[in-house]
Amino acid sequence: MNTKEQKKAEGIKSAYAENLMRTYAPELILVKGQGAYVWDVYGKRYLDFGAGISVCNLGHCHPALTEAISAQAARLVHTSNLYMNDVQPLLARKLVEKGFDDGLAFFCNSGAEANEGAIKLARKYGSATGRFKIITMQDSFHGRTLATLAATGRGKYRNGFSPDMPGFAHVPFNDFEALSNAIDKDTVAVMIEPVQGEGGIIPADPEYLKKVRALCDARDIVLIFDEVQCGMGRTGYFYAFQGYGIQPDAMTLAKALANGFPIGALLARKKFASVLSPGTHASTFGGNPLACAAALATIKTFDEEKILENCRAMSELLFAGIRKIASKKIIQVRGRGLMIGIVVACDVRKVVADCAANGLLVLQAGEGVVRLLPPLVIDRNDVDSALEILAEALK
Ligand SMILES: *Cc1c(COP(=O)(O)O)cnc(C)c1O
């Protein structure tokens, strides 16, 4: 191994150890990306089936993105929302046109922040009738801020940060009885990931979501979908809800919205969105021209390069290929589009490490689930390479 590269790696590792909080425990040092591939500091190439946790859906350093970001950076980066800019409304219109009917948008900078906005919108809507309670799902993940932690249905993330923010209740996912029993006079919203991501790639049952939609309509309850991970084409539909034939009242996006440039969005139907009047919610960076230009270029590329079609075609190949892997370690394969979970009977961390050693990056989710979130631009060769490495790791 080249000593110059080794020296560089040692330098980076010690700079991490000496200067960064230990909130993460990374091992690889990545320095370059192109399409579905990333390279580490030693020059080793990896097929990236994590895509920065469902962020780089168009792959790394897509030229359309690089160009749009560079051009906007040279024109106008930030103004605050004390002024209008000429990019933010174009993005809002585009997100509505993509299928969020009757919608208005609010922009922020991350998934947690988008969910905070949805929670505030619901509470503001409920304030007229004295309702505040939000029901979320067990095993859900909604973010790391205090409100989104309280919404998150996995207690381990809350350890050490008590007291929990009040006003949340958790029920088992895909259990309509449990949900309808949990609704009381204080309930103002139900918040659901149509396909749970961190919890282990668990899709909602179509019948369940239809019933939840009808229940929320009947009880004047705000139905919020957290599409931070499953939105933006990941499931083979631009919005995951489009695969279920129902529309939520509010929806959050972030991760893949600008393919890696930080941005979050809250969309809501006008009736609900209108409760957020001037001065009730804000974000300094939210919707700045640079982030919005990156998101617009992302969506334009989706259309130009037929990304959804490719996602569906590669999804079929990948699902079929995984199902053909003869391994006693595989318990179940599930998911939608290119959001795939392989439930395994062995140590997931070892599978992840073995894949990385052989040049494939995959992720963990929930307990015992290998999570695949490849860029939606992968081709047949990428699928074949991934399957080969996965089969080896699951031997
Ligand atoms: C990642 C994620 C979030 C949090 O997004 P951040 O940008 O990390 O704040 C929220 N909800 C879901 C479903 C996510 O996958």
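Along each chain, the written sequence defines residue order, and numbers are assigned to residues from 1. Local features in this predicted model are restricted to residues whose pLDDT is 70 or higher, and side-chain atom pairs enter the listing and the counts only when it is 80 or higher, whereas totals over whole chains, interfaces and linings include all residues. Each side-chain value is worked out from all heavy atoms of the structure, with water and hydrogens disregarded.

Chemist: Could you clarify how one ought to interpret the overall build of the chain in this entry?
Modeler: Each helix is a run of DSSP H or I of at least 4 residues and each strand a run of E of at least 2, with the numbering of both proceeding from the N terminus. If you tally the helices and strands in the chain, you get 13 helices and 17 strands. Here the radius of gyration uses the C-alpha set of atoms, whereas the globule reference equals 2.2 Å times the residue count to the power 0.38. Taken against the 2.2 N^0.38 rule, which gives 21 Å for 395 residues, the C-alpha radius of gyration of the chain at 21 Å falls within 12% of a compact globule. Just so you have it, the chain exposes about 18,000 Å², and 55% of that area is on carbon and sulfur atoms. Here the Shrake-Rupley method, with its probe set to 1.4 Å, supplies the accessible areas, and only the displayed protein chains count as covering residues.

Chemist: It is not clear to me how unusual backbone geometry should be interpreted in this structure. Could you clarify?
Modeler: Of the consecutive residues S162 and P163, the connecting peptide bond is found in the cis state with omega at 0°. Among the structural elements, P163 can be located in the loop between α6 (146–151) and β6 (168–171). The phi dihedral of I53 falls on the positive side, at around 65°, and the residue is not glycine. Relative to the assigned elements, I53 resides in helix α2 (residues 51–54). In this structure, D220 is a non-glycine residue whose phi angle is positive, near 55°.

Chemist: So what exactly am I meant to see when it comes to the environment of D220 here?
Modeler: As for its position among the elements, D220 is in the loop between α8 (206–219) and β10 (222–226). Three labels apply to residues, based on accessible area from a 1.4 Å probe with only protein chains included: buried if under 20% of the type maximum, exposed if over 50%, partly exposed otherwise in between. In this structure D220 comes out as partly exposed when scored by relative accessible area, which is 29%. A sequence separation of 33 residues divides D220 from T187, and the C-alpha atoms of the two residues are 9.4 Å apart.

Chemist: What should I look at first to understand the packing of aromatic side chains in this one?
Modeler: To describe a pair of aromatic rings, one takes the distance between the centres and the angle between the planes. A pair of aromatic rings is counted whenever rings of Phe, Tyr or Trp (Trp by its six-membered ring) have centres within 6.5 Å, and the orientation is called stacked for planes under 30 degrees apart, edge-to-face for over 60 and tilted otherwise. Enumeration over the complete set of coordinates arrives at 7 aromatic pairs. An angle of 80° between the planes, with centres 5.6 Å apart, marks the rings of F238 and F302 as edge-to-face. Pair noted here: F238 is in the loop between β10 and β11 (250–253) and F302 is in helix α10 (residues 289–304), with a separation of 64 residues, a long-range link. Across the pair, exposure class does not vary: F238 and F302 are buried alike. One aromatic cluster is present, formed by F100, F238, Y239, F241 and F302 through successive ring pairs. Consider the ring centre and the ring normal. A charge sits over the ring if Lys NZ or Arg CZ is within 6 Å of that centre and within 35 degrees of that normal. We note R45 situated over the ring of Y37; from NZ or CZ to the ring centre the distance is 3.8 Å.

Chemist: Teacher, can you tell me more about the pattern of salt bridges here?
Modeler: Side chains that carry opposite charge are capable of pairing whenever their charged atoms lie near each other. Counted as salt bridges are all cases of a side-chain nitrogen of Lys or Arg within 4 Å of a carboxyl oxygen of Asp or Glu. Inspection of every chain in the model, using the stated rule, returns 18 salt bridges. The structure contains a network of salt bridges with shared partners spanning D102, R213, D217, D249, R269 and K270.

Chemist: How do you make sense of the side chain of S327 when you look at a structure like this?
Modeler: One can find S327 in the loop between α11 (307–324) and β13 (330–336). Accessibility expressed as a relative area gives 15% for S327, which makes it buried. Polar contacts here mean pairs of N or O atoms no more than 3.5 Å apart (in protein, one a potential hydrogen donor and the other a potential acceptor; neighbouring residues in sequence count only if both atoms are side-chain atoms). In this structure the side chain of S327 is engaged in a polar contact, spanning 3.0 Å, whose partner is the backbone nitrogen of K329.

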